[in-house]
Amino acid sequence: MIHCDGLVKIYKTDDLEVVALQGLDLHVEAGELMAIIGNSGSGKSTLLNMLGGLDRPSAGKLLVDGKDLLKFTERDLVKYKRETVGFVWQSNARNLIPYLTALENVELPILLKGRGKRLRALELLEAVGLSHRIKNRLSELSGGEQQRVAIAIALANEPKLLLADEPTGSLDTRMSNQILDLFRELNSRMGITIVIVTHDPLLARKVDRVVAIRDGKTSSEIIRRQSYAEELAALANGSIFEAEESHVEYAVIDKAGRLQIPASYLQADEFKEKNKVRVEMEEGRIILYPPEAK
């Protein structure tokens, strides 16, 4: 569904030049439920904006559903945003129109596309568990309910890719878990590809794969050892899994052979404030040693 190769994004303002993405590589399969994590300024929101057609890459390759976004005209971008991708923002002010009911909010994008609106909107609100709140306006819904409406809106035109930018950032833990469970249910039932951007590493408990971005590049991937359904079944049988046991983390090597070593490893006294390491092959393993003392 998504292929990013050597993706670069440079922002220029007056004499200042900021490189937000520095040759990022990312591949997401169709039907995958995955998350992108990273600290503020790592480039994760920049990446999401480009996947959503809201911003253009400066260089590299970006394919979504077989479409080359670097070759898009403005007309192509409009069509792409209407038909291929759905977006859920953290701020409900960007998701919802406050003076419309939940049903009218979901009907609006369907109406703009010229389709029969009422039945599809009702089906989507039922899918997100809000069939009893269709006549309520924004002020009459909780934060979690508003986010459920936002998800229904994002699904209104049957997109192949759903992007969510910090969708649980303004919610408490209980409601966040409900929203993430909803994403998993929609992914399983509809087969839609879902990419969630977040700063919360605990999200790995809910998705199949987490890609970490640091300084504009993919630095590591956290992959589930077993399916989420198998983990839930094990928990129901009394087995207890720690996050470290249920997931395994891999460093990512780019095409030039570079990798980002986890920042915590570099805080060890042997490596601290040093920019060189010795690399040796030992019994099928690549070993990193601190530089020899002068």
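Bear in mind that the values here come from a model prediction, so they are computed numbers and not experimental data.

J.: Looking at this model, I keep getting lost on the overall build of the chain. Mind explaining?
T.: When helices and strands are tallied, the chain shows 9 helices and 13 strands. Every one of the 294 residues in the chain was classed for burial, and the buried ones make up 44%. Put simply, of all contacts in the chain between residues at least 6 apart along the chain, 63% involve residues at least 24 apart. Taken as a whole, the chain presents about 16300 Å² of accessible surface, with 51% of it coming from carbon and sulfur.

J.: Before we go on, may I ask you to explain the layout of surface pockets in this structure?
T.: Over the atoms, a rolling probe the size of a water molecule traces out where space has been left empty. Of the volumes computed, that of the largest pocket is approximately 630 Å³. Together, 21 residues line the largest pocket, and K81, F87, P109, I153 and N157 are the ones closest to its centre. Contributions of two or more residues to the lining of the largest pocket are made by helix 2 (74-83), strand 6 (85-88), helix 3 (92-95), helix 4 (102-112) and helix 6 (143-154). Tallying contributions element by element places helix 4 first for the lining of the largest pocket, with 4 residues.

J.: When you look at empty space enclosed by the protein in this model, what are you seeing that I'm missing?
T.: Applying the stated criterion across every chain, the model contains 1 cavity of 30 Å³ or more. Size it by volume and the largest cavity reaches roughly 40 Å³. Taken together, L96, L100, T101, A102, N105, R137, L138, L141 and V149 make up the full set of residues lining the largest cavity.

J.: Got a minute to help me understand the packing of aromatic side chains in this structure?
T.: One pair of aromatic rings is described through two measures. These are the centre distance and the angle between the planes. Applying the stated rule across the entire model yields 2 aromatic pairs. Look at F72 and Y80: their rings are 5.7 Å apart centre to centre, the planes differ by 65°, and that puts the pair in the edge-to-face class. Judged on exposure class, the residue F72 and its partner Y80 are both buried. Look at F87 and W89: their rings are 4.2 Å apart centre to centre, the planes differ by 10°, and that puts the pair in the stacked class.

J.: How do you make sense of helix 5 (residues 118-127) when you look at a structure like this?
T.: Because an α-helix completes one turn every 3.6 residues, residues spaced three or four positions apart along the sequence face the same direction. Of the positions making up helix 5, those classed as buried are A121, L124, L125 and A127. All buried residues of helix 5 fall inside an arc of 155° around its axis, so they share one side. More than 90 degrees from the buried face of helix 5, the exposed residues found are L119 and E126. Packing partners of the buried residues in helix 5 comprise helix 4, helix 6 and helix 7 (173-190). Phi for G129, located one or two positions after helix 5, is positive at around 80°.

J.: Just checking my understanding: could you explain the packing of helix 6 against helix 7 for this structure?
T.: Close contact between helix 6 and helix 7 brings their axes to 10 Å; oriented N to C, the two are set at 20°. Classified by the interaxial angle, the pair formed by helix 6 and helix 7 is roughly parallel. As helix 6 runs across helix 7, the sense of the crossing is right-handed. For the pair helix 6 and helix 7, the contacting residues are G144, Q147, R148 and I151 in the first and M175, Q178, I179, L182, F183 and L186 in the second.

J.: Even after reading the chapter, I still don't get the pairing of strand 8 (residues 193-198), so can you show me in this structure?
T.: One face of the sheet, then the other: side chains in a regular strand alternate in exactly this way. Strand 8 sits mainly inside the fold: 6 of its 6 residues count as buried. Every second residue of strand 8 is oriented toward a common face, with T193, V195 and V197 on one face and I194, I196 and T198 on the other, all of them buried. As defined by bridge partners, strand 7 (residues 161-165) adjoins strand 8 across 5 bridges and the pair is classed as parallel. By the bridge assignment, L161 is partnered in strand 8 with T193. In the classification by handedness, the crossover that spans strand 7, the intervening helix 7 and the parallel strand 8 is right-handed.

J.: Is there a simple way to think about the nonpolar core in this case?
T.: Generally speaking, a soluble globular protein has its nonpolar side chains buried in company with each other. Counting 42 residues, the largest nonpolar core has V106, L125, V149, I151, L162, F183 and I196 as the members making the most contacts within it. Put simply, the parts of the chain that give this core at least two residues each are strand 3 (33-37), helix 4, helix 5, helix 6, strand 7, helix 7, strand 8 and strand 9 (209-214). Those residues in contact with L125 that sit more than four places away from it in its chain are A102, L103, V106, L130, S131, I134, V149 and A152.

J.: Is there a simple way to explain a nonpolar patch on the surface in this structure?
T.: There is a patch of nonpolar side chains on the surface, built from V277, V279, M281, I286 and L288 and spanning about 480 Å² of accessible area. At the level of secondary structure, the elements contributing two or more residues to the nonpolar patch comprise strand 12 (278-282) and strand 13 (285-289). Structurally, the position occupied by M281 is in strand 12. Among the residues examined, M281 registers a relative accessible area of 60% and is labelled exposed.

What counts, and at which threshold
Residues numbered from 1 in each chain as written. Predicted model: local features only at pLDDT ≥ 70, side-chain atom pairs only at ≥ 80, totals over all residues. Heavy atoms only, no water. Helix = DSSP H or I, 4+ residues; strand = E, 2+ residues; numbered from the N terminus. Buried < 20%, exposed > 50% of the residue type's maximum accessible area, 1.4 Å probe, protein only. Contact = heavy atoms within 4.5 Å. Areas by Shrake-Rupley, 256 points an atom, 1.4 Å probe, with all protein chains shown as cover. 1 Å grid on protein atoms, 1.4 Å probe; cavity = no way out; pocket = protein on both sides within 12 Å on 5 of 7 lines; lining within 4 Å. Points joined across faces, edges and corners; volume = space filled by probe spheres on them. Phe/Tyr/Trp six-rings, centres within 6.5 Å; stacked < 30°, edge-to-face > 60°. Arc of directions from axis to C-beta. Axes fitted to C-alpha atoms, helices over the stretch in contact; angles between N-to-C directions. Parallel < 35°, antiparallel > 145°, perpendicular 65-115°, else oblique. Left-handed = near helix turned anticlockwise from the far one by under 90°. Pairing = 2+ DSSP bridges. Right-handed = clockwise from strand over helix to strand, strands pointing away. Core = buried A, V, L, I, M, F, W, Y, C linked by side-chain atoms within 4.5 Å. Patch = residues over 30% accessible without salt bridge, like charges linked within 9 Å, V, L, I, M, F, W, Y side chains within 5 Å. Salt bridge = Lys/Arg side-chain N within 4 Å of Asp/Glu carboxyl O.

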